[in-house]
Amino acid sequence: MYKKLFLLLFISISVKAQNGNIKGIVKSDKNEAIVGATVILSKWQQGNIVKSSFTDVDGKFEFEKLKYDSLELTVSYVGMSKYSSGKIVLSAQNTILDLGTITLQSSENALQEVAVKAQKAFVVQKIDRTVVNPDALISNAGVTSLEVLEKAPGVSVDINGNISLRGKGGVVVFVDDKPTYLSAADLANYLRTIPSSTIESIEIMTNPPAKYDAAGNSGVINIRLKKNVAKGMNGGLNLAYGQGRYMRTNNSFNFNYRINKLNFFSNLSVNQNNSYQDLTITRKYFTPEGQLSSTFIQNSYIRPSNRSQNLKLGLDYYVTKKTTLGVALSGFINPSSRNVKNKATIRDGQGEITGLVDAYNPTDILFKNGSINLNVTHKLNDKGKEISMNLDNLVYKSSIDQFLENSNLYPDGSLINKSVLASELPSDISIKALKADFINPLKKGGRIEAGVKTSFVKTSNIADFYDVIDGSRMPNYTFSNNFQYKENINAAYANYSRDFRKISLQLGLRIENTNIVGNQLGNVVVKDSSFKRNYTSLFPTFYTQYRIDSASKHVVGLSVGRRIDRPNYKDMNPFTYPMDRFTYYGGNPFLQPTFSYNVELSYTYNNFLTTTLQYSRADNVISETNEQRGNIYYSRPGNFAKQVSYGIEVSGTFQVQKWWTIQLYTAFMNNRFKSPIYTEMLDDSRWYWVAVPTNQFMINKKWSAELAGSYQTKLLSGQFLVIPIGSVRAGVSTKIMKDKGTLKLNVNDVFYTNQVGGDIRNIKNAAASWFSYLDTRVITVSFSYRFSKGQNLRVRQNGGSESEQKRVKVS
């Protein structure tokens, strides 16, 4: 009965859908097709946007399945005068309107007008994702991509660079639609090499479409880098210098040149980021009866210094109007150092000092990457039907050389003993991936997407530890190990989407087959060990939007999906590493994948205010666990049995005055964890509130300003209870050099309040807490300059089909 009613409902909707079409071609006054012109269809004399689109590679656009009405069409493009059609009417007697060729006239003043009026919104809501435009914030100038993520709605980054979304870990980060395949620490180092000036947008998908890998318990963050395709030459220079306690500088240069059928694009960045962390850890130990037996207080002054040089080169060859071949080469060199000075005090239950510890841990790191992408896109017709293929080969190499000098002292400071542990930690990661995607717009409306992908990951992690005695190195087989890991994932997906008169639907299904082999080769003391995993899973996704009124002033949305979070290869290495003489980090070969179910119900008012109710449940959540054994504190990844998150979030843009806009994100969420942890039981639930207001001021055509902040109450994350945290930032920007250049000045964490800390709970006969001072109050001055000699064309992405989809009509 219900199935028949459901079918009848959609048949009736399909019958009501009207078939008015509007199409045309946009060209310049030199009779050249304009790619990427913005075409907006709105209600006549009302201004309500009905649909919008970009022109394709031939300058064509088409709107289909339109309701009969009186409409107006406008076309705009940088450097060209704006076109307006005036009143056009779709009716039963006039169902197809071919506007023919629309010619845009070159205008010397048009570029300046667009630069003033067409300011990007910081946050844009779409049916399946939230799009963040970093350039919209002055405070994003001169920082790294990791710092940009900290300002994105719902995203948080801890002091170790671990990224969480809506208070949940397990985020997978993509760059240009390609997964990074890196551990949390390596990913943080990589994101520190990407300057904000090279980022076009950031897509936050808590429930990504089926075309994306299913990995990511809390969702996917896709960082889209700037790429430009233009006739002639164009490019830009970005320089930035920041000063906190220590200096940092992030600089980039991009150059693009297109002639005939060839397009060359490039990007070079040179960066240096110095900072500090002043970390205090307190551990208290109790007898089984609950009496304090001893305390351990350690202060660590950590001085990271990161340098990086990034280069990307690419070439597109337009074989025909329908076929494009592309190649992209990229790589980086990231030499860095991390010097840590530790001082610890040990007291008995009565507070008397029983011992002192001095430690010094200098570390030198070299992290390198090289990659090549080969891609081909072929349009099967001029209606948007196309097929694309991508082949990627990536290599990451890192080497870590470190010393751990540890001195045990009597309470009066005299030496008891001293030890030195040296280590060499080379690591190689090889990644090969092949994917093919197919897009087919259907004649009667709707769109089908399908694709397949296979990837192979191979890692080698060698850890050679040595005890240094009287200047001689002796192998330490307790810590030395050689871990080899192989992973193969095979996937296929299908996705169907369609817009009806009032309803938009998107259905997707992805299947992934995972094959994992891990080998710990051991040494003369520790035996070899190995493990294997093989499993196949289905990941459905569903999205719908219902437009309550014809003007789309009230829109209700629903999304449902299933996700997976696989253990990181480093986390499955069973060996233990010393962070210092009292803190060890170990892997866990018994980790199981996390499976999560996510549901979101949203309401959007007048395209500017969105309220979302969300619920998610995750089983076998992978998170850090902590245990005390004797005098040693162990940290290792483990599976928490269950995490449930639910709550409400609100985001919107408010035009207070013509010159004053407020962007607001706020959320009230609950996190609950229930799981045994070693000998203890964790069963806790906590609400938290977060607010991120951003004020933007357009002072005049050249000057703008920004005042923003963020605040978060206590947050529960597994065994960790993080203290409240907040900050304020401010900035000012002005256009110079005939609007081709921009100067920006911003201050982050004005009141120096963005300092983190918290408690580590559920440890048998022990309690722990930490607090960190960070180099967060930074003044940054930046300069950017853009040059162009040629006609700007729509961006073409390499390594995926997302941007190709943008050439097709969007509503």
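Residues numbered from 1 in each chain as written. Predicted model: local features only at pLDDT ≥ 70, side-chain atom pairs only at ≥ 80, totals over all residues. Heavy atoms only, no water.

Draft legend 1. Broad picture of the overall build of the protein. Along the protein, the regular secondary structure elements total 5 helices and 47 strands. Whereas a compact globule of 811 residues would reach a radius of gyration of roughly 28 Å, the protein reaches 28 Å, a difference of no more than 12%. A total of 811 residues make up the protein; the buried ones form 52% of that total. A separation threshold of at least 6 residues defines the contact pool for the protein, and within that pool the share at least 24 residues apart is 66%. When the accessible surface of the protein is totalled, it reaches about 36400 Å², and 58% of it is carbon and sulfur. One way to put it: in the protein the 97 positive side-chain charges average out to a point 8 Å from where the 65 negative ones average out. (Helix = DSSP H or I, 4+ residues; strand = E, 2+ residues; numbered from the N terminus. Rg over C-alpha atoms; globule rule 2.2 N^0.38 Å. Buried < 20%, exposed > 50% of the residue type's maximum accessible area, 1.4 Å probe, protein only. Contact = heavy atoms within 4.5 Å. Areas by Shrake-Rupley, 256 points an atom, 1.4 Å probe, with all protein chains shown as cover. Lys, Arg positive; Asp, Glu negative; His and termini not counted. Charge placed at Lys NZ, Arg CZ, Asp CG, Glu CD.)

Draft legend 2. Expanded view of the nonpolar core. Formed by 49 residues in total, the largest nonpolar core has its most connected members in L149, V155, I163, Y190, L191, I202 and Y396. At 4 residues, the largest contribution of residues to this core is made by helix α4 (residues 184–191). If sequence neighbours within four positions are ignored, L191 has contacts with T144, S145, L146, L149, I163, V173 and I223. Within the second largest apolar cluster, 25 residues are counted, among which are Y633, M669, I763 and L774. (Core = buried A, V, L, I, M, F, W, Y, C linked by side-chain atoms within 4.5 Å.)

Draft legend 3. Geometry of the pairing of strand β29 (residues 503–520). Sheet topology places strand β28 (residues 481–499) next to β29; 17 bridges connect them, and they run antiparallel. Residue pairing in the sheet places F483 in a bridge with Q520 of β29. Connecting β28 to the antiparallel partner β29 that follows it, the hairpin turn spans 3 residues. Sheet topology places β29 next to strand β30 (residues 529–547); 18 bridges connect them, and they run antiparallel. Pairing of I516 across the sheet is with R533, part of β30. (Pairing = 2+ DSSP bridges.)

Draft legend 4. Geometry of empty space enclosed by the protein. In the structure shown here, the tally under the stated rule is 8 cavities of 30 Å³ or more. Each pocket or cavity is described by its volume, and for the second largest cavity that value is around 180 Å³. The wall of the second largest cavity is formed by 19 residues, among which D177, P179, D213, K435 and K453 lie closest to the centre. Broken down by element, the lining of the second largest cavity gets its largest block of residues, 4 residues, from strand β25 (residues 415–441). A breakdown of the residues in the lining of the second largest cavity according to their chemical character gives 9 nonpolar, 1 polar and 9 charged. (1 Å grid on protein atoms, 1.4 Å probe; cavity = no way out; pocket = protein on both sides within 12 Å on 5 of 7 lines; lining within 4 Å. Points joined across faces, edges and corners; volume = space filled by probe spheres on them. Nonpolar A, V, L, I, M, F, W, Y, C, P; charged D, E, K, R; others polar.)

Draft legend 5. View of the pattern of salt bridges. Going through the model one piece at a time under the given rule, you end up with 23 salt bridges. Between D213 and K453 there is a salt bridge, with its nearest N and O atoms 3.0 Å apart. Residue D213 is located in the loop between β14 (199–205) and β15 (219–225), and its partner K453 is located in strand β26 (residues 447–469); the two are separated by 240 residues in the primary sequence. Residue D213 shares its accessibility class with K453, and that shared class is buried. Salt bridges sharing common partners tie together D213, K453, R510, E512 and R566. (Salt bridge = Lys/Arg side-chain N within 4 Å of Asp/Glu carboxyl O.)

Draft legend 6. Structural view of the sheet that holds strand β4 (residues 60–66). Strand order in the open sheet formed by 3 strands is β4-β1-β7, with mixed pairing between adjacent strands. The strands lining the two open edges of the sheet, one partner per strand, are β4 and β7 (96–104). Ignoring which end each strand starts from, the neighbouring axes of this sheet average 15° apart. As defined by bridge partners, strand β1 (residues 20–28) adjoins β7 across 7 bridges and the pair is classed as parallel. Its bridge partner being in β7, N21 is matched across the sheet by I96. (Axes fitted to C-alpha atoms, helices over the stretch in contact; angles between N-to-C directions.)

Draft legend 7. Structural view of the packing of aromatic side chains. With the rule as written, the count across this model stands at 24 aromatic pairs. Note on Y246 and Y276: the rings are 6.2 Å apart at their centroids and 70° apart in plane angle, and the pair reads as edge-to-face. Of the two residues, Y246 is situated in the loop between β17 (232–243) and β18 (247–259) and Y276 in the loop between β19 (262–274) and β20 (277–286); the sequence distance between them amounts to 30 residues. For Y276, a relative accessible area of 5% corresponds to the buried category. Through pairs of rings, three or more aromatic residues link up here, namely F465, F479, Y584 and Y634. Residue placement shows K211 over the ring face of Y212; its charged tip is 5.8 Å from the ring centre. For the cation-ring pair, R303 lies above Y246, with the distance from its terminal atom to the ring centre recorded as 3.8 Å. (Phe/Tyr/Trp six-rings, centres within 6.5 Å; stacked < 30°, edge-to-face > 60°. Lys NZ or Arg CZ within 6 Å of the ring centre and 35° of its normal.)

Draft legend 8. Here's a closer look at the pairing of β26. By the bridge criterion, 19 bridges tie β25 to β26 in an arrangement that is antiparallel. Directly across from L421, in β26, lies its bridge partner D467. Where β26 lies against β28, 17 bridges are found, and the strand directions are antiparallel. Counterpart to V457 in the pairing with β28 is E487.

So, to be careful, I would describe these as geometric facts and stop short of saying anything about function.
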